[in-house]
Amino acid sequence: MLALSQIIVGVCDLEAATARFRAMGFDVLDGGVHPGIGTANRLIPLGSQYVELLGVVSADLARESEYGRSLLRATAGGDRLVRWSLRTDSIEEVAARLQLTVERRRRVRPDGVELTWRAAGLPISLDDATMPFFMQWDHDEQYPGALKATHDNGACAVTSLSLTPRDSQQFLRWTQGAKVPLRLLSGEPGLWSFGLETSRGELTIRG
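Below: a short report on this structure. Bear in mind the structure is a predicted one, so any value in this text is a computation, not a measurement.

Calculation criteria
- Residues numbered from 1 in each chain as written.
- Predicted model: local features only at pLDDT ≥ 70, side-chain atom pairs only at ≥ 80, totals over all residues.
- Heavy atoms only, no water.
- Phe/Tyr/Trp six-rings, centres within 6.5 Å; stacked < 30°, edge-to-face > 60°.
- Helix = DSSP H or I, 4+ residues; strand = E, 2+ residues; numbered from the N terminus.
- Buried < 20%, exposed > 50% of the residue type's maximum accessible area, 1.4 Å probe, protein only.
- Lys NZ or Arg CZ within 6 Å of the ring centre and 35° of its normal.
- Contact = heavy atoms within 4.5 Å.

1. Comments concerning the packing of aromatic side chains
Then, number 1: One pass over the structure, following the stated rule, counts six aromatic pairs.
Then, number 2: Their ring planes at 50 degrees and their centres at 5.8 Å tell us that Phe 21 and Phe 26 sit as a pair that is tilted.
Then, number 3: Both rings, one in Trp 117 and one in Trp 137, keep their centres 4.8 Å apart while their planes meet at 35 degrees; by these two values the pair is tilted. Linking Trp 117 in strand β7 (residues 114–120) with Trp 137 in strand β8 (residues 133–137), this pair joins segments that are 20 residues apart in sequence. This pair shows no difference in class: Trp 117 is buried, exactly as Trp 137 is.
Then, number 4: Ring pairing ties together the aromatic residues Tyr 50, Trp 117, Trp 137 and Tyr 143, which thus form one cluster.
Then, number 5: Its end group placed over the ring of Tyr 67, Arg 105 keeps NZ or CZ at 4.9 Å from the ring centre.

Okay, structure coming up:
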C-alpha cells in the first residue's frame, strides 16, 4: 500500500487557524504536541486521509531542530502548505528502494497517550515541499484520519493535490505506484492547493 495520508498546513497561530477552519464547517480536533520540538497540531480527519494544521508553540524549542526551523521559515509570511505524506505498510521496503533512513517519531495527545510511527524522507520534504515523506503508524487504530469527526460541510476525502515538482524525475520515483489524486502543474515549483469533497462540491484550499 502506498497512498495519500496527510496534507500539512503550516500556521502562524493554531487557535486562529482552528477557528478559521471550523468556520468553514470542519470538525477540528486537538492532536497534541511533539515533545521537545516546540510544535503542536490540530487534525481534520477524513477517513483514509487527514489534514493537519501544524504550528509552533515554543519558538525557542523550535529553533533547536530543522523540523521546527523549517516551519518557522515557512510561516514567516503567513499560513501556507508545507508538506504532504504517503502512508505505507512496508516503510522499510520503501526506504530501501529510495535509499532513505527510517526514523521513529512520536506525539503526545492531550489525554496523555503517546502516538508512535516511523517516517522516511522527512529531511528532503523539509527542504522541498513538493516531495512527500513516508509514514507507517505502529498502531492502525491511532491513525489520525480514522478519528471520529463530524464535519458540518460534509468533508470526506481529498479530491486533488496540485503541485509543481522541483525535480520531476525524483518526484516520479518517490510517487511510483502511489494512490494520490495529483494535479501536476507547469511553472515555478511549489505546493499550491488541495481540494476536498464536501456536500456542497469541491472545496479548494490554497497554499
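2. Topic: the side chain of Gln 142
Then, number 1: By secondary structure assignment, the location of Gln 142 is in the loop between β8 and β9 (157–164).
Then, number 2: The buried category is assigned to Gln 142, whose relative accessible area is 13%.
Then, number 3: Those residues in contact with Gln 142, other than ones at most four positions away along the chain, are Val 113, Glu 114, Leu 115, Thr 116 and Trp 137.

Read these as geometric descriptors, not functional statements.
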